[in-house]
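# Topology and contacts: notes
Each chain, letter by letter, is given below.
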Amino acid sequence: MPTIQNQLFIDGRFVDAQDGATIDVLNPHDNSLITRVAEAKAADVELAVAAAERAFGPWSRMAAADRGRLLLKLADRIEACADELAHLESLDTGHPIRDARHIDVPRTAACYRYFGGMADKFQGSVVPVETGFLNYVMRSPIGVVGQIVPWNFPLMFTAWKMGPALAAGNTVVLKPSEITPLSTLRIAELMAEVGFPPGAVNIVVGYGHAAGQALAEHPRVGKIAFTGSTATGRRVVEASKGNLKRVQLELGGKGANIVFEDANLVAAVNGSAWAIFHNQGQACIAGSRLIVHERVADEFLDRFVGLAKSIRLGNPLDPDTEMGPLTSALHRDRVLAYVDVAREQGGEVLSGGRAPDAAELARGCYVEPTVVRARATDRVAQEEVFGPFVTVTTFKDDEEALAIANGTEYGLGSGLWTRDLSRAHRFGQAIRAGMVWVNSYKRVNPGSPFGGVGQSGYGREMGFEAMHDYTEAKSIWVNVDAVIPPHFKR
Ligand code: NAD
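So, here's what we can say about the structure.

### Considering the overall build of the protein
In terms of regular secondary structure, the protein is built from 14 helices and 20 strands. In terms of overall size, the protein behaves like a compact globule, its C-alpha atoms giving a radius of gyration of 24 Å where 490 residues would be expected to give roughly 23 Å. Along the longest, intermediate and shortest principal axes, the C-alpha atoms of the protein span 85 × 55 × 40 Å. In the protein, which comprises 490 residues, the proportion classed as buried is 56%. Long-range pairs, those at least 24 residues apart, make up 74% of the contacts in the protein between residues at least 6 apart in sequence. Counting every atom, the protein has about 19,500 Å² of accessible surface; 52% of that belongs to carbon and sulfur. Counting 50 positive and 56 negative side-chain charges, the protein places the centres of these two groups 5 Å from one another.

So, in structure tokens, the structure goes:
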């Protein structure tokens, strides 16, 4: 069994909430209680921010290579605990254990390692200004940063947020989702073990309207980095305005995934299934809108629906399970409600659309892989369902494909399948999105910027862009040997 921490992590110690409140953490496989975790409210957030403030001076002045070394040690420690962390993530979120072990944990370690290596390589510049002056631009940390993450990839998303923030010299107060806090608390424990100083990282588990709101409003938090729904993102922007804190938003998506008539259909079917059904479709970048050329639609759908029907649902801790439960019962009900919405607007359910029959899954949050034929303007093709639910729409020509792809308010991830090189580049550039994958889908790497446009948010995680987003440019002018005549002659 993995180690389960169930207290807040403030100033290097695990502590109860000041008022003793707790939140039930449930196993989505059967809705049984895993543990009760301390629930932070505004007073606990205040303690965490104060601890982060005290830690900021020493942490930001520490040699960048030393901050980097701690992140590298953390990456090694995560790899040493890979089985345990995978088990914990699977138990808490419902990710199939094979995915948690071979995707979430390695990507988490890779992210901390990338930013550990980046810490002493990210540098400022010298500007060739007028004679007699030296002008250099430093990248200074912002200070205390607040970070709020959702429940769909807690292990990875805390790495994406904490890795660059810490490498750049900021201190962190992070609020995990109240639904899936366990892997984040375990990471905090590993950080303490490898030597992160008290206060550099603080974890306040709590509800959005209380702990999240308090963090977003906090006058001494210099930046808030938020990943979650577009509706909550708007509330975060509103809450942040008191001290004009910087805001970075990673919000919802409605990924277009276009299959052209010249695509390798075998690759497109497999890639499109990964695009939507990995993690039960609970991914902001999920390829949730399949847009298929009408000439290949029948053959594509025949194979794709066949594959969807064959996916093995089951207890996420079973190594043979390919799809686990959704992460909460509330969310399962929300996803299933969209099946009715699809039918009401004339959509045709080609597979799934219901909870599975198997008795051993009856108490869990399971939904069958669902494929729905819909029009591009239908609600199910416009609103983020965030489940194993994909709409299929056909198109006649490139112009129509592009109009459908760009026809939502979102702009996060998207994919296209074609053998035509110039079309691949043309669409890569024309699709309104932060990321486009050609003959592939959902590739991420700590070096490559991740984020969206439109209602999918702004700012970028990962890569050099993330380091920019966690630092301020500070311009310093030194008069080396310039003689400046007096401006006001007396
Ligand atoms: P959510 O918006 O309900 O919650 C996200 C986080 O915000 C949680 O920690 C929650 O407690 C907190 N929160 C809620 N209300 C708040 C408030 N008023 N002030 C401050 N914090 C508050 O989202 P969710 O249901 O947890 O996650 C699913 C959503 O996240 C989807 O829309 C998905 O697309 C999006 N998401 C986006 C990305 C991305 O990188 N763009 C990645 C993953 C998920």
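### Comments concerning the environment of aspartate 99
Here aspartate 99 shows up in helix α4 (residues 97–118). Spatially, the C-alpha atom of aspartate 99 lies 9.3 Å from that of proline 319, the residues being 220 residues apart in sequence. Residues in contact with aspartate 99, not counting those within four places in the same chain, are Asp104 and His278.

### Remarks on the site of the ligand
Around the ligand sit 28 residues, and of these Val149, Ser229, Thr232, Leu251 and Glu384 come closest. One of the side-chain N or O atoms of serine 229 is found 2.8 Å from an oxygen atom in the ligand. In this structure, an oxygen atom belonging to the ligand sits 2.8 Å away from a side-chain N or O atom of threonine 232. Considering the ligand on its own, with 850 Å² of exposed area, one finds that the protein chains cover 90% of that surface. Secondary-structure elements contributing two or more residues to the shell around the ligand are α7 (208–217), β10 (223–227) and α8 (230–240).

### Concerning the sheet that holds strand β20 (residues 471–479)
Ordered in space as β5-β6-β20, the three strands form an open sheet in which the pairing is antiparallel. Both outer strands of the open sheet, β5 (125–127) and β20, are each paired with one neighbouring strand and no more. Recorded for the sheet is a direction-independent mean angle of 30° between the axes of neighbouring strands.

### What to know about the packing of helix α2 (residues 64–80) against α4
Relative to each other, α2 and α4 sit at 165°, their axes nearing to 7 Å. Accordingly, the angle class assigned to the pair α2 and α4 is roughly antiparallel. The hand of the α2/α4 crossing is left-handed. Note on element contacts: α4 touches α2 through Val105, Thr108, Ala109, Tyr112, Arg113, Phe115, Gly116 and Gly117, opposite Gly68, Leu71, Leu72, Leu74, Ala75, Asp76, Ile78 and Glu79. Class assignment of the residues belonging to the contact of α2 with α4 gives a composition of nine nonpolar, four polar and three charged.

### Observations concerning the side chain of threonine 180
Position of threonine 180 relative to the elements: it lies in the loop between β8 (171–175) and α6 (182–194). Not counting the four nearest positions on each side in its chain, threonine 180 is found in contact with Asp92, Thr93, Pro150, Trp151, Pro154 and Thr327.

### Brief notes about the pattern of salt bridges
For side chains of opposite charge, pairing can occur when their charged atoms come near one another. One pass over the full model with this rule turns up 33 salt bridges. Two residues, glutamate 348 and arginine 373, come together in a salt bridge whose shortest N-O distance is 3.8 Å. Within this pair, whereas glutamate 348 is found in strand β14 (residues 348–351), its partner arginine 373 is found in strand β15 (residues 370–373), the two being separated by 25 residues in sequence. On the basis of relative accessible area, arginine 373 is assigned to the partly exposed category, the value being 32%. With its nearest N and O atoms 3.0 Å apart, the salt bridge here joins arginine 426 to aspartate 398. With arginine 426 in helix α13 (residues 421–430) and aspartate 398 in helix α12 (residues 398–405), the pair connects residues that are 28 residues apart, well separated along the chain. The partly exposed category is assigned to arginine 426, whose relative accessible area is 44%.

### Comments concerning the packing of aromatic side chains
Summed over all chains, the structure comprises 14 aromatic pairs. Between phenylalanine 300 and phenylalanine 304 the ring centres are 5.5 Å apart and the planes differ by 15°, which places this aromatic pair in the stacked class. One end of the pair, phenylalanine 300, and the other, phenylalanine 304, are both in helix α10 (residues 297–310), four residues apart, so they sit about a helical turn from each other. By the ring-pair criterion, three or more aromatic residues cluster together here, those being Phe153, Phe157, Trp160 and Phe450. The ring of tyrosine 470 carries lysine 223 above its face, with NZ or CZ at 3.7 Å from the centroid. Its end group placed over the ring of tryptophan 274, lysine 442 keeps NZ or CZ at 5.3 Å from the ring centre.

The rules behind each value
Residues numbered from 1 in each chain as written. Predicted model: local features only at pLDDT ≥ 70, side-chain atom pairs only at ≥ 80, totals over all residues. Heavy atoms only, no water. Helix = DSSP H or I, 4+ residues; strand = E, 2+ residues; numbered from the N terminus. Rg over C-alpha atoms; globule rule 2.2 N^0.38 Å. Buried < 20%, exposed > 50% of the residue type's maximum accessible area, 1.4 Å probe, protein only. Contact = heavy atoms within 4.5 Å. Areas by Shrake-Rupley, 256 points an atom, 1.4 Å probe, with all protein chains shown as cover. Lys, Arg positive; Asp, Glu negative; His and termini not counted. Charge placed at Lys NZ, Arg CZ, Asp CG, Glu CD. Near = heavy atom within 4 Å. Polar contact = N/O pair within 3.5 Å; in protein donor to acceptor, adjacent residues only side chain to side chain. Pairing = 2+ DSSP bridges. Axes fitted to C-alpha atoms, helices over the stretch in contact; angles between N-to-C directions. Parallel < 35°, antiparallel > 145°, perpendicular 65-115°, else oblique. Left-handed = near helix turned anticlockwise from the far one by under 90°. Nonpolar A, V, L, I, M, F, W, Y, C, P; charged D, E, K, R; others polar. Salt bridge = Lys/Arg side-chain N within 4 Å of Asp/Glu carboxyl O. Phe/Tyr/Trp six-rings, centres within 6.5 Å; stacked < 30°, edge-to-face > 60°. Lys NZ or Arg CZ within 6 Å of the ring centre and 35° of its normal.

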